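Okay, here's what each chain looks like letter by letter:
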Amino acid sequence: MDRKRLIMFLKILAFLLILGVIYILIGIWEEGAKPGFAGMMFYVGVLFGMAGMYMAMKLESNLKS
C-alpha cells in the first residue's frame, strides 16, 4: 500500500469517525431538545453533506494529479 492511498484511507476514516461522533452527540441532544428542531437538523445535515462532497471532490482531484 503506497503512501498516498494510506493517507487517503486515514482521511476518510477520520471523516467517518467524526460523522459517527456527531451522530451520537445529536442523538443525545435530541432526547432533551424542545420540539421543532427538525428544521435546524435538516440545515446541519445539508451543511455536512456539502462539506463531505467538497472534501470528496478535493480528494479526487488530488488523486488525479
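Note that this is a predicted model, so its numbers are computed, not measured.

Caption draft 1: Spotlight on the overall build of the chain. If you tally the helices and strands in the chain, you get 2 helices and 0 strands. Relative to the compact-globule value of 11 Å for 65 residues, the chain shows a C-alpha radius of gyration of 16 Å, a clear excess of over 25%. In terms of its C-alpha atoms, the chain occupies a principal-axis envelope of roughly 50 × 20 × 5 Å. The proportion of buried residues among the 65 residues of the chain is 5%. Total accessible area on the chain stands at roughly 5800 Å², and carbon and sulfur atoms take up 74% of it.

Caption draft 2: The pattern of salt bridges, seen in detail. The final tally for this structure, using the stated rule, is 1 salt bridge. For the salt bridge of arginine 5 with aspartate 2, the shortest nitrogen-to-oxygen distance reads 3.9 Å. On the basis of relative accessibility, which here comes to 55%, the residue arginine 5 falls in the exposed class.

Each value, and the rule that gives it
Going along each chain's sequence as written, the residues are numbered from 1 onward. Residue-level local features of this predicted model are given only where pLDDT is at least 70; pairs of side-chain atoms are given and counted only at 80 or more, and the full residue set underlies all totals for whole chains, interfaces and linings. Hydrogens and waters are ignored; side-chain quantities use all the structure's heavy atoms. Helix and strand definitions follow DSSP, with helices as H or I runs of at least four residues and strands as E runs of at least two, each counted in order from the N terminus. Using C-alpha atoms as the atom set, the radius of gyration is obtained and then compared with a globule rule of 2.2 Å times the number of residues to the power 0.38. Partly exposed describes any residue whose relative accessible area lies between the buried limit of under 20% and the exposed limit of over 50%, with all areas from a 1.4 Å probe on protein chains only and scaled to the type maximum. For the accessible areas, the method is Shrake-Rupley and the probe is 1.4 Å, while residue cover comes only from the protein chains on display. What counts as a salt bridge is simple: a side-chain nitrogen of Lys or Arg found within 4 Å of a carboxyl oxygen of Asp or Glu.

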